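Overview (structure and organization)
Letter by letter, the chains look like this.
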Amino acid sequence: GSSGRRAELAELEEGQQLISRIVFLFSQENPVSLFTLCKTLRSRLLPGGSSRCRVTLPPLIHTLLRLATKLSGSDETTDAVHEVLVYCLESISMLAEGDPELALRFYLKGALASSVCGMKDNSL
């Protein structure tokens with residue numbers, strides 16, 4: 001019945017919260033490894049639909065924004081920073097389907113990160 005469905009949804013929500021907590025713990029010395037990990041995670045989460053993405057994409061987006069900022073302060077090329085930021089913006093657009101208001105906030109954070117990273121042109 002409906003109580004079984006509610007219990008199933010609560011369990012799903014709890015699982016997604018745990019995944020999002022783990023994403024916040026992502027830390028790699030190697031930025032390429034971290035970016036690969038983020039891409040793999042997103043590809044695994046997307047089939048879950050917008051209800052899952054609404055919970056799990058925000059920490060992934062935060063991680064990508066941190067990574068882009070970290071890369072811009074290192075010897076990495078502008079191309080690597082650009083690639084991470086573009087991937088981040090794609091992730092934000094996926095979030096927009098389930099939570100447009102949160103996506104707007106992330107677009108603004110993405111614009112700020114882009115500016116911090118020195119991406120002054122409109123290449124994003």
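Anything mentioned here points back to the structure above.
A brief report on the enclosed structure follows. (Residues numbered from 1 in each chain as written. Predicted model: local features only at pLDDT ≥ 70, side-chain atom pairs only at ≥ 80, totals over all residues. Heavy atoms only, no water.)

Some points on the overall build of the protein chain
Definition in use: Here a helix means four or more residues in a row that DSSP labels H or I, a strand means two or more in a row labelled E, and each is numbered from the N terminus. Burial classification: accessible surface area is computed with a 1.4 Å probe over protein chains only, and a residue below 20% of its type maximum counts as buried, one above 50% as exposed, and the rest as partly exposed. Any two residues having at least one pair of non-hydrogen atoms within 4.5 Å are treated as being in contact. The method behind every accessible area is Shrake-Rupley, applied with a 1.4 Å probe, and residues are considered shielded solely by the protein chains displayed.
Counting its regular elements, the protein chain contains five helices and zero strands. Along its sequence from the N terminus, the protein chain presents helices and strands in the succession α-α-α-α-α. Per-residue burial over the protein chain gives 34% buried out of 124 residues. Restricting the contact set of the protein chain to residue pairs at least 6 apart, pairs at least 24 apart contribute 71%. Counting every atom, the protein chain has about 7500 Å² of accessible surface; 54% of that belongs to carbon and sulfur.

Considerations on the packing of aromatic side chains
To describe a pair of aromatic rings, you give the distance between the ring centres and the angle between the ring planes. Rules: Paired rings are identified among Phe, Tyr and Trp, the last through its six-membered ring, by centres lying within 6.5 Å, and are further divided according to the angle between planes into stacked (under 30 degrees), edge-to-face (over 60) and tilted (the rest). Look at NZ for Lys and CZ for Arg. If either is within 6 Å of the ring centre and within 35 degrees of the ring normal, a charge sits over the ring.
Counted by the stated rule, this structure contains one aromatic pair. Between phenylalanine 35 and tyrosine 87, the aromatic rings sit 5.4 Å apart at their centres with planes inclined by 85 degrees, giving edge-to-face as the arrangement. A residue pair is termed long-range when its members are at least 10 positions apart, and phenylalanine 35 in helix H2 (residues 31-45) and tyrosine 87 in helix H4 (residues 78-98) qualify at 52 residues. On the basis of relative accessibility, which here comes to 8%, the residue phenylalanine 35 falls in the buried class. If you follow arginine 42 out to its NZ or CZ, it ends over the ring of tyrosine 87, 3.8 Å from the centre.

Description of helix H3 (residues 50-72)
An α-helical turn contains 3.6 residues, so any two residues separated by three or four positions project in the same direction. The condition that has to hold: To estimate the expected span of a helix, subtract one from its residue number and multiply by 1.5 Å. Across the chain, bend at a residue is computed as the angle between axes fitted to the seven residues ending at that point and the seven starting from it.
Here H3 is 23 residues long and its end C-alpha atoms lie 31 Å apart, about the 33 Å a rise of 1.5 Å per residue gives. At threonine 56, H3 shows its maximal bend, which comes to roughly 40 degrees, and the proline proline 58 appears one to four places after that position.

Overview of the packing of H2 against H4
The criterion, for reference: Axis definition: a line fitted to C-alpha atoms, limited for helices to the stretch in contact. Angles are taken between N-to-C directions and run from 0 to 180 degrees. Convention used here: angles under 35 degrees read as roughly parallel, angles over 145 as roughly antiparallel, angles from 65 to 115 as roughly perpendicular, and any remaining angle as oblique. Note: crossing handedness is left-handed where the near helix turns anticlockwise from the far helix by less than a right angle, and right-handed where it turns clockwise.
Axis separation between H2 and H4 bottoms out at 12 Å; the angle between their running directions is 20 degrees. One element, H2, and the other, H4, form an angle in the roughly parallel class. H4 is crossed by H2, and the crossing has left-handed handedness. Residues Phe35, Cys38, Lys39 and Arg42 of H2 touch H4, and the partners they reach there are Glu83, Val84, Tyr87, Glu90, Ser91 and Met94.

Considerations on the environment of tyrosine 87
A relative accessible area of 11% places tyrosine 87 in the buried class. Separated by 23 residues in sequence, tyrosine 87 and leucine 64 have C-alpha atoms that sit 8.1 Å apart. If near-sequence neighbours (up to four positions away) are discounted, tyrosine 87 is found in contact with Phe35, Cys38, Lys39, Arg42 and Leu64.

All we've got here are geometric facts, nothing functional implied.
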